Structure formats: C-alpha cells, structure tokens
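Spelled out, the chains give:
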Amino acid sequence: MGGVSFDGRSPPPSYPGKLTPYVLLTVLAGAAGGLIFGYDLGISGGVTSMAPFLEKFFPDVYERQQSITSTNQYCKFNSPTLQLFTSSLYLAALFASLAAGEVTKKFGRRISMMMAGFIFLFGAALNAGAVHLSMLILGRILLGIGIGFANQSVPLYLSEMSPYNYRGRFNICFQLMITIGILCANLINFGTAKISGGWGWRLSLGLVGVPAVIILIASFFLSDTPNSMVQRGREIEAKALLKRIRGVDDVDAEFNDMLAAKNEADLVESPWRNLFGTKCYRPQVAMSILIPFFQQFTGINVI
C-alpha cells in the first residue's frame, strides 16, 4: 500500500513535514538490511576458496584442488554439495519471499523485520559454529529465509516512513548498502584467509550477525509504519504516529490519502486477475518481471 494516489494529470502531492531523527533511525535499519543482503551474496565466494574450509566440509574438492596443476580453476569446484551450499541461500530466499509478503501485510513491516533479524542471527551462529555439513547448509538456508523477509519489509518500511521527497533517496541507500556489503565481504575474506589456525572462515561467516543485531534492535524500538496501521484498521494510532515522524501537526492531507488508498484497494476483488488480465497493465507488468529477471540471469552474483 503506497499511501498516495493521484492521476497522471495532477501535480505530485506536497505534504508538510521534515526529516526527523526518528526517520533517520529507520534509515539505519534499512542500511543494516541492505548490508546483510550484500554481505551474504559476497561472503560465500571467498570462503569456498579457503583451504581449511574446503578440507573440513568438502574434502573431495580440496583433494582435487591440490591435484590440479593446470590453469583451469573451474573444474575443481565440480561438487554437488558445494553447489548446494552456495545455492541454498538463493532458493530459500526465493520461497521465503512468497510467505514474507503475507506476513508483512497481515502483521506489519516491523514484525517482518524482527523475524528477519532473529533468523539472520540463528543462521550466522550455525554457520560460524558449524562442525558438519548439515549445520553449514541449514545456517545458509536460514540466512536465505532472513533475506526473503528483509527484502520484503525493509524497502517498504523505508518508503512508508520517509517524507515523500526523500523516498527515492532512502531506497537508493538500501541498494547502495547491498553493494557495500559485497565489498565488505570481499575485504573481510581477504583478511580472514590470512588468519593462522585455519578458523578465519568462521569469522567471515559469523560477522553477518553484526548487521543482524542492528536490524533486530531497530525493530524492537521503532514502531510500525502509519500505512501498515491504516491497512490493519488502526487509524487513530496511525495519525498520531504520522505527526510524530513528520514533526508537524498538520498531516491531514497525507493521512487522508492513506485512507483513500486503503479504501480503493479494498474495493478490488481480484487484484491478481486485474493485474495480469487487463491490457493497460501489461507493459508495466512485463517490465517489472523482465528487468529483475535478466539482472539475475546474467549470473553477475556468482561472479
């Protein structure tokens, strides 16, 4: 629920309000969510190249690595279990995102973020303390589930909490933190690979718990969004919260638009049928599917 509805011929709405410290705290939570996603994407590549990690969990790959003397560096990783370790995160995130959408809608963005934080912590703990392959893969699956929930709730939370003229910037910050997380993962792997004793991979896998703690603490102390409260019939609380996060008392225009958007959404009986069955929506639906599909289909994350 976006909270704003206007036709293409009308000027964009202009709501009173300012950037409050409360909203800046939501940016911190969003940054942590993006950082976790990027870190998890980048960390596995470096960890799976560490000899102590391979020797413990994938001895066949380790032996192959020691025996290969050619310049071809790809055949040594031909291992279904190693592929399962890497891909389990993406598969778990895919299926978790389907359930996360319903949780975020029915129980609010904050609850979904809180669940993501808890799941991230459990996954990081399992990976860092893994003593056999099943613990390692289970931890990776939990991280994927956490990503599914965080990717559903965090960008939505940022959009709904921020003033209308800051929404684009805040969501770009989420994307920026994903790339920073990938960079941090590579730098950390570079350092932990040099730790004597062969336990550096545990540190690499366990450090995902740091941003997880940030998003978990934020979800405890921050409130849900006014849009989510309106969506669940808590209009009085939503209006009081909107005054608090905007720093002004005159929030009638924005609040009335939220109510109008909710009422209009409630009148739609078959949203999926309307979305895919109405011709005027087809170009937007096609582009919204094809752009992210090809962004991932290039395989850039694997590289």
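Numbering of residues begins from 1 in every chain and follows the order in which that chain's sequence is written. Predicted model: local features are reported for residues with pLDDT of at least 70 only, side-chain atom pairs are reported and counted for 80 or more only, and whole-chain, interface and lining totals are derived from all residues. Side-chain numbers here rest on the full set of heavy atoms in the structure, without hydrogens or water.

*Asks:* Tell me what's going on with the environment of Met 287, and back it up with residues and numbers.
*Replies:* The numbering of helices and of strands both runs from the N terminus, where a helix is a DSSP run of H or I of at least 4 residues and a strand a run of E of at least 2. Mapped onto the elements of the fold, Met 287 is located in helix 14 (residues 282–297). Each C-alpha atom, one on Met 287 and one on Pro 211, is 32 Å from the other, the two residues being 76 residues apart in sequence.

*Asks:* Tell me about the packing of aromatic side chains, residues and numbers included.
*Replies:* Here a pair means two rings of Phe, Tyr or Trp (six-membered ring of Trp) with centres within 6.5 Å. Their orientation is stacked below 30 degrees between planes, edge-to-face above 60, and tilted elsewhere. Tallying each qualifying case throughout the model produces 12 aromatic pairs. Here the aromatic rings of Phe 293 and Phe 297 are separated by 5.1 Å at their centres, their planes lie at 15°, and the arrangement is stacked. With Phe 293 and Phe 297 both in helix 14, this residue pair falls 4 residues apart, about one helical turn. Residues Phe 294 and Phe 297 carry aromatic rings whose centres are separated by 6.4 Å and whose planes lie at 90° to one another, so their mutual orientation is edge-to-face. Of this pair, Phe 294 and Phe 297 both sit in helix 14, 3 residues apart, which is roughly one turn of the helix.

*Asks:* Residues and numbers for the packing of helix 4 (residues 80–107) against helix 5 (residues 109–128), please.
*Replies:* Angle between the axes and distance between the axes are the two parameters that describe a pair of packed helices. Simply put, an axis is a line fit to the C-alpha atoms, just over the touching stretch for a helix, and the angle between two N-to-C directions goes from 0 to 180 degrees. It is the contact of helix 4 with helix 5, at a shortest axis distance of 6 Å, that shows an interaxial angle of 135°. Regarding the angle of helix 4 to helix 5, the classification is oblique. In contact with Ala 100, Val 103, Thr 104, Lys 105 and Phe 107 of helix 4, helix 5 contributes Arg 109, Ile 111, Ser 112 and Met 115. The class makeup of the residues in the contact of helix 4 with helix 5 is 5 nonpolar, 2 polar and 2 charged. Note on angle classes: values under 35 degrees are labelled roughly parallel, values over 145 roughly antiparallel, values of 65 to 115 roughly perpendicular, and the remainder oblique. By definition, residues are in contact when any of their heavy atoms lie within 4.5 Å. All residues other than Ala, Val, Leu, Ile, Met, Phe, Trp, Tyr, Cys, Pro, Asp, Glu, Lys and Arg, Gly among them, are scored as polar; the first ten of these are nonpolar and the last four charged.

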